[in-house]
Every structure is written in C-alpha cells, then in structure tokens.
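# Topology and contacts: notes
Here is what each chain is made of, one letter per residue.
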Amino acid sequence: MKTITLRKIPRELAKVLRRKAEIKGVSIKAVIGLFEKSLGTKAKKKASYHDLDKLAGSWTREEAAAFEETLAKQRPIGQLIVLTF
C-alpha cells in the first residue's frame, strides 16, 4: 500500500471526515471509501479468511469499536491525516 500525507486540512473538513468514520463505526481509513466514491474508482478487496477465528478468537462489532476508540484517544493526530492504501 502507498501512503499519502495530507497537510493543512481545513479544520471543518477534518471534523467531517472523522465524523463520517465514527458514524460508520470504522477507523479513519474508511475515508478512502469516500475518495473512491467521489472519484468513481474502487480498490480491489483483499481476501478475508476466517478459518482460524475459533482458535484465535474474534471480536464483536462493539468490542472492535471500543478498541478503536481507545486507540484513537492514545494517538491524536490533529490536523494531519495519513491515508495508507
């Protein structure tokens, strides 16, 4: 995946991007979907395997959201948004 760093994001735009990701219950990486939709492109999805879930365990949506929320509190990035794809 490539990394793009966007600097000097207008404060209001940064708020909207974070709010959209929060409403969807996902990380800020979901913003890539917004870019794809507006540009009319779609990234290839990687295969998802679940054959080891019973051995390793898996989280409910609520557990994953709580984990993401905790991580977000630990690493605020202010006006800098880094997108990896």
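Residues numbered from 1 in each chain as written. Predicted model: local features only at pLDDT ≥ 70, side-chain atom pairs only at ≥ 80, totals over all residues. Heavy atoms only, no water.

## What about the overall build of the chain?
What the chain contains, in helices and strands, is four helices and two strands. Its helices and strands taken in sequence order, the chain reads β-α-α-α-α-β from the N to the C terminus. Relative to its 85 residues, the chain shows a buried fraction of 11%. A sequence separation of at least 24 residues applies to 76% of the contacts in the chain between residues at least 6 apart. If you sum the accessible surface of the chain, you get close to 7800 Å²; carbon and sulfur atoms cover 59% of it. (Helix = DSSP H or I, 4+ residues; strand = E, 2+ residues; numbered from the N terminus. Buried < 20%, exposed > 50% of the residue type's maximum accessible area, 1.4 Å probe, protein only. Contact = heavy atoms within 4.5 Å. Areas by Shrake-Rupley, 256 points an atom, 1.4 Å probe, with all protein chains shown as cover.)

## Here we look at helix α2 (residues 31–39)
When α2 is considered as a whole, its buried residues turn out to be V31, I32 and E36. Each buried residue of α2 sits inside an arc of 150° when the element is viewed along its axis, so together they form one side. Residues of α2 that are exposed and angled more than 90 degrees away from the buried face: K37 and S38. Looking one or two residues past α2, G40 carries a phi angle of roughly 75°, positive in sign. (Arc of directions from axis to C-beta.)

## Side note on the confidence of the model for the chain
Looking at the chain, the pLDDT average stands at 76 and 79% of residues meet or exceed 70. Helix α4 (residues 61–74) holds the highest mean pLDDT among the elements of the chain, 86, whereas strand β2 (residues 81–84) holds the lowest, 66. (pLDDT = per-residue confidence, 0-100.)

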